[in-house]
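# Analysis of the macromolecular model
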Amino acid sequence: VTITTRMLVSHLSGIRHYEKDITKVKEEKEKVSRALKLTKSHQDKEQKEKESKGIEKTDCVKQKKEHDSETKGRNSKPGRNDKEFEQEEYYLKEKFESVIESLKIFKNDPLFFKPGSQFLYSTYGFTLLSAVVERASGQKFTDYMLKMFRDLDMLSTVLDDNEAMIYNRARCYIYNKKGRLVNAPYVDNSYKWAGGGFLSSVGDLLKFGNALLYSYQAGQFKNRNGKLLPGYLKPGTVAMMWTPVPKTEVSWDRDGKYAMAWAVVEKNQQYGCCRQQRHYASHTGGAVGASSVLLILPEELDPEALGAWPVAPPRGVIVTIICNMQSVSLNSTALKIAREFDKEKWAQ
């Protein structure tokens, strides 16, 4: 078979995640699929009942339903299940000197399916991707990434190295089997730098989001006397990264699809005065003792007014949340925050 880098970034490679048993993976995917269908069926039924009775649900009922939905939602990356943190490989303590060396964990395991045929979120797919970057760049993957972070002015983003003294490193927590708050266990993330091995701050992630949003929109603005600098990436590159890929899925949002290392919801409205879908890109992060999200809600630009606008990109709302607690649902919270700021902006 042939595995491309595009398959790796879209999780279509067939490389396993932490679960080694393909039967358990299939069962979990079927459960998620059934749950999403039931949710959609239930929502459609309620909508029909509401229309037939002509009764609008109260804000109280709406808020309760949103809360229940968020409680049931998974903070995790697509394909993650509630028992994922029970997988032994999450708690590896072995130190790997290079990303090439860490490939030994899974390189002899069979693929779960033919590459390109199905979606399965895989941290190890990103470990292989980091090895590709290392060979293509001729540098250690970690050196390559740290230089990129410096270019982006992300000076607080570093390797999650247990031995290093890192200023303001947060303590991480989990709930034990008795439901008590305890310190997260020691782990060594050198086997998955690309899939969850960096420490960062809210400020740095906002810079990262702004750099991507600027790059995405820079091509749409007229360059006033050469004062508008180019983006870190080409506009077409970011647009490609934020274009949904066929055969992918996002377990926490039935409106979303996976793109290239991002979960994406496309702009959509089928009927006038009815439900609207805004275009946004986001991704959550889950690690032992920590949870995070970065969500980018681009402003809907008017092509005819762009030339007259006094304000250059980035235009939109970026929300990032980092907490030192495991398995916290953050994506829906980030989206609500982004929508409130977006609503307030247009109200001014």
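Numbers given to residues run from 1 along each chain, matching the order in which its sequence is written. Local features in this predicted model are restricted to residues of pLDDT 70 or higher, and side-chain atom pairs are both shown and tallied only at a pLDDT of 80 or more, whereas totals for entire chains, interfaces and linings draw on every residue. Hydrogens are left out, water is left out, and the side-chain values use all remaining heavy atoms of the structure.

If you check an unreviewed UniProt entry, the protein appears there as LACTB protein from Sinosuthora webbiana.

### A look at the environment of E340
To keep things clear, this is the line we draw: Helix numbering and strand numbering both begin at the N terminus, where a helix is a DSSP run of H or I of at least 4 residues and a strand a DSSP run of E of at least 2. Only protein chains enter the area calculation, which uses a 1.4 Å probe; residues under 20% of their type maximum are buried, those over 50% are exposed, and those in between are partly exposed.
Checked against the element boundaries, E340 lands in helix α10 (residues 331-347). E340 gets classed as partly exposed once you look at its relative accessible area, which sits at 46%. With 23 residues separating them along the chain, E340 and V317 place their C-alpha atoms 9.7 Å apart.

### Describing α10
Quick note on the threshold: Here, expected helix span is obtained from the residue count minus one, scaled by 1.5 Å. The directions from the helix axis to the C-beta atoms form the arc being described. Note on contacts: a residue pair qualifies if any of its non-hydrogen atoms lie within 4.5 Å across the two residues.
Taking 1.5 Å of rise per residue, the 17 residues of α10 would be expected to cover 24 Å, and the 24 Å separating its terminal C-alpha atoms lies within 8% of that figure. By the burial criterion, the buried members of α10 are N331, A334, L335, A338 and D342. Projected onto a plane normal to the axis of α10, the buried residues spread over an arc of 95 degrees and lie on a single side. Facing away from the buried side of α10 by over 90 degrees, the exposed positions are K343 and A347. Buried positions along α10 lie against β7 (280-287), β8 (290-298) and β9 (316-323).

### A look at helix α5 (residues 123-137)
Under the 1.5 Å per step criterion, the end-to-end length of α5 is 21 Å for 15 residues, consistent within 8% with the ideal 21 Å. Buried residues of α5: T123, Y124, G125, F126, T127, L129, S130, A131 and E134, and no others. In this fold, the buried residues of α5 make contact with α1 (5-9), α4 (99-102), α6 (141-151) and α7 (193-196). Among the residues trailing α5, G138 stands out with phi positive, at a value near 75 degrees.

### Thoughts on the packing of aromatic side chains
Basically, it comes down to this: Within 6.5 Å between ring centres, the rings of Phe, Tyr and Trp (the latter by its six-membered ring) count as paired, and their orientation is classed by plane angle as stacked under 30 degrees, edge-to-face over 60, tilted in between.
Enumeration according to the criterion identifies 10 aromatic pairs in this entry. Here F119 and Y258 contribute two aromatic rings whose centre-to-centre distance is 5.6 Å and whose plane-to-plane angle is 50 degrees, an arrangement assigned as tilted. Residue F119 is located in the loop between α4 and α5, and its partner Y258 is located in strand β5 (residues 257-258); the two are separated by 139 residues in the primary sequence. The same class applies to F119 as to Y258, namely buried. Note on W242 and W262: the rings are 5.9 Å apart at their centroids and 80 degrees apart in plane angle, and the pair reads as edge-to-face. One end of the pair, W242, is in the loop between α9 (235-241) and β5; the other, W262, is in the loop between β5 and β6 (263-265), with 20 residues separating them in the sequence.

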